[in-house]
Each structure stands twice: as structure tokens, then as C-alpha cells.
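Structural overview for review
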Amino acid sequence: MLAALLQLAVGLALLTVGGIFLVRGATAVALLARVSTTVIGLTVVAAGTSLPELAVSVDAARIGSTTMACGNVVGSNIFNIAVVLSLAALISNIPVTRQTFRIEYPYLILTTVLAILLARDGLYDRIEAFFALTLLTVFTAYLIRHERKIVPDVERDELREAVERTSRVDSVRKAWLTNLGFITAGIILLPAGARLMVEGGVHIAQVLGVGERIVGLTILAIGTSLPEVATAIVAAKHNQPGLVLGNVIGSNIFNLQAVLGTTSAVYPVVIEQSARSYDNWVMLGFTLVLLPLMLTRRQIGKVDASALILLFVVYNWFLLR
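Read on for a plain summary of the structure.

Each value, and the rule that gives it
- Residues numbered from 1 in each chain as written.
- Predicted model: local features only at pLDDT ≥ 70, side-chain atom pairs only at ≥ 80, totals over all residues.
- Heavy atoms only, no water.
- Axes fitted to C-alpha atoms, helices over the stretch in contact; angles between N-to-C directions.
- Helix = DSSP H or I, 4+ residues; strand = E, 2+ residues; numbered from the N terminus.
- Parallel < 35°, antiparallel > 145°, perpendicular 65-115°, else oblique.
- Left-handed = near helix turned anticlockwise from the far one by under 90°.
- Contact = heavy atoms within 4.5 Å.
- Nonpolar A, V, L, I, M, F, W, Y, C, P; charged D, E, K, R; others polar.
- Salt bridge = Lys/Arg side-chain N within 4 Å of Asp/Glu carboxyl O.
- Buried < 20%, exposed > 50% of the residue type's maximum accessible area, 1.4 Å probe, protein only.
- Patch = residues over 30% accessible without salt bridge, like charges linked within 9 Å, V, L, I, M, F, W, Y side chains within 5 Å.
- Areas by Shrake-Rupley, 256 points an atom, 1.4 Å probe, with all protein chains shown as cover.

Some remarks on the packing of helix 8 (residues 212–224) against helix 13 (residues 302–320)
Where helix 8 meets helix 13, the axes come as close as 11 Å, and the angle between the chain directions of the two elements is 160°. The orientation of helix 8 relative to helix 13 falls into the category roughly antiparallel. Here helix 8 runs over helix 13; the crossing is left-handed. For the pair helix 8 and helix 13, the contacting residues are Arg213, Ile214, Leu217 and Thr218 in the first and Tyr315, Asn316, Leu319 and Leu320 in the second. For the contact of helix 8 with helix 13, the per-class residue count stands at five nonpolar, two polar and one charged.

Next up, the structure:
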């Protein structure tokens, strides 16, 4: 048991450092390429903070634990909405932009419903994975094209300053090389950390006598979502609450289509009956609970955050009892 906990701790550390390196490098490269910060939040940061989920899910499927891989995705999406978003909202109210309400959030609902429908036969196969990955590619291309057209003047000024900060220390060429080095380090550390976390999770499941589904929904989901926690808290503290909602929604979309899609493209994922009849619907419920908040007040505040955390505690009590 101690060895398994040590594996989890070391694996989590490697995932965290690898994720930080990758997000830092990718964000800087995006800035050097003069991509807007809005687009970065919804794509680079969202995808980067979800890479631990991708690494863990693929590695779990590699050893035949597709139940754990699926649980990791579902549990991460629940945790992102109920805890990550709430922690940031406790620091600063999270505004809901018209863009988020009209485009990104409806697409998240669509992808969640689609994942539930594709899971009905108990198998997420390669054809369904290709379909999901194609949808994500089209949506991301549309989003980047749309966002670059509506970037406000204030953000253009911020982008120019960010580019100057990124390349101020040395030449632009050196800035590119340095940040590509961060990306490479992240790509190396992530799978190493994922392997340790999965092995530790399997051992804990065996020792405690709990199913791999529970380990995926709880230990692995929370562990791989820590980059989202760090990103959300930092963004809220630095008065960038808009980045929080974009990161959470983008991460959840990425989890359902890129993480589950890539995993299933390599190793078709078998989905347990309990996931089809319970876990997936809980994930949809947590996703839809944001709708009245967006419709009524156009922001997520401290009271809303407290209610979401309470719902998460109740859900876990039923899950683990």
C-alpha cells in the first residue's frame, strides 16, 4: 500500500511538472505566433491542462483498464465543474460572456450528450473515436477563426505586451527554442507520470478491494485535474476570471472528445453498465446545472460555488458508501 501511494505521489508530481512545462511552452509559442489570449485559454491552456487525463487514460487502456480510463474522463469533468470552477468563484465572481453562453457551453452540452449516446452499446470504438476527433478539429478551427475576428482592442494591446514580454529577455529565436524545450520536457514527463499513477491506482484498487471504476472516478480524476485547479486559482487571483470558465469548458470538451477519442482510437474502450446508467448521467447533470446560473445572473458567484461543492460532496458520499 505504501509503495502504491508513493507511486501515486511521484506520478502526480511528474504529471504536474510536465503539465506546467507544456502549458508554459505552448502558451509562449502561441503568443510568439500572435494568437489571442482568448484563443489560448480555450485551446492551448484547456488542452494542456487536460494532457494528464490523456496520458493517464491511454496508459490505463494500454494495460487493459479501460474502465479506469473512462472513469478518469467522467470524474475529471465532474470535478472541473463542481470543484475547479467553484474554487475560482470563491476568490472572484466568474462572469459568463455572451460568446461562452452562445457557442462554447452549448457545444459542451452537445459533446456530453453525444458521449452518452455513443456509450449506450457499451463500447467506444475506433469509428466513434474518429467521429469525435473530427468534430473537435472542426470546432477548434471554427473557434479560432471566429475568436480572431472579434478580439477587442484591449486584448490586442495585451497580446502585443505579452509578445514583448515573451521575447524581451533575448532574441525571438532563442525564445522559440527555449519554449520548444519546455514543450519537449512536458511531453517526456507526462507519460512517465501517467504510468506511475495508473500502476499506483491499480495497486490501491487491489488492496482496498474497490473497483477500478471508483479509482478512476476519484483518485485519478482528482489527481489529473490538479493542473486545472492551479490554472483557475491563478487566473482568479490575477483578475482574469474569464480565463477560468474558458479553461474549464475547454478542458471538459477536450476530455470527452480528445482524451476519450484518442484512447479509443488506440484501445477501444469498454464502458461498464454502471457508467452508462449512472456516472455519465451525473456528468451531464453537473454540466446542465450551470445553465440556470448563466441564464439568470450571467455569473457564477460564491453562493453558487458553495452549492456546487456541496453537490460534489453528496455525489461522492453516494459513490463511496
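Having seen the structure, we can now continue with the description.
Some points on the pattern of salt bridges
Using the criterion set out here, one finds two salt bridges in the structure. Across the salt bridge formed by Asp59 and Arg62, the nearest N and O atoms sit 3.0 Å from each other. Of this pair, Asp59 and Arg62 both sit in helix 2 (residues 37–62), separated by three residues, roughly a single helical turn. According to the relative accessible area criterion, Asp59 is buried, its value standing at 7%. Overall, the relative accessible area of 36% leaves Arg62 in the partly exposed class. Of the charged contacts, one joins Arg213 and Asp279 as a salt bridge, the two residues approaching to 2.6 Å between their closest N and O atoms. Of this pair, Arg213 sits in helix 8 while Asp279 sits in helix 11 (residues 273–288), and the two are 66 residues apart along the sequence. The class of Arg213 is buried, set by a relative accessible area of 17%. Residue classification places Asp279 among the buried positions, given a relative accessible area of 2%.

Quick look at a nonpolar patch on the surface
A grouping of Tyr278, Leu310, Val314, Trp317 and Phe318 is seen on the molecular surface, where their side chains present a nonpolar patch of about 510 Å² in accessible area. Sort the elements by how many residues they give to the nonpolar patch and helix 13 lands first, with four residues. Relative to the helices and strands, Trp317 is located in helix 13.

Any functional reading would require information that these geometric values do not contain.
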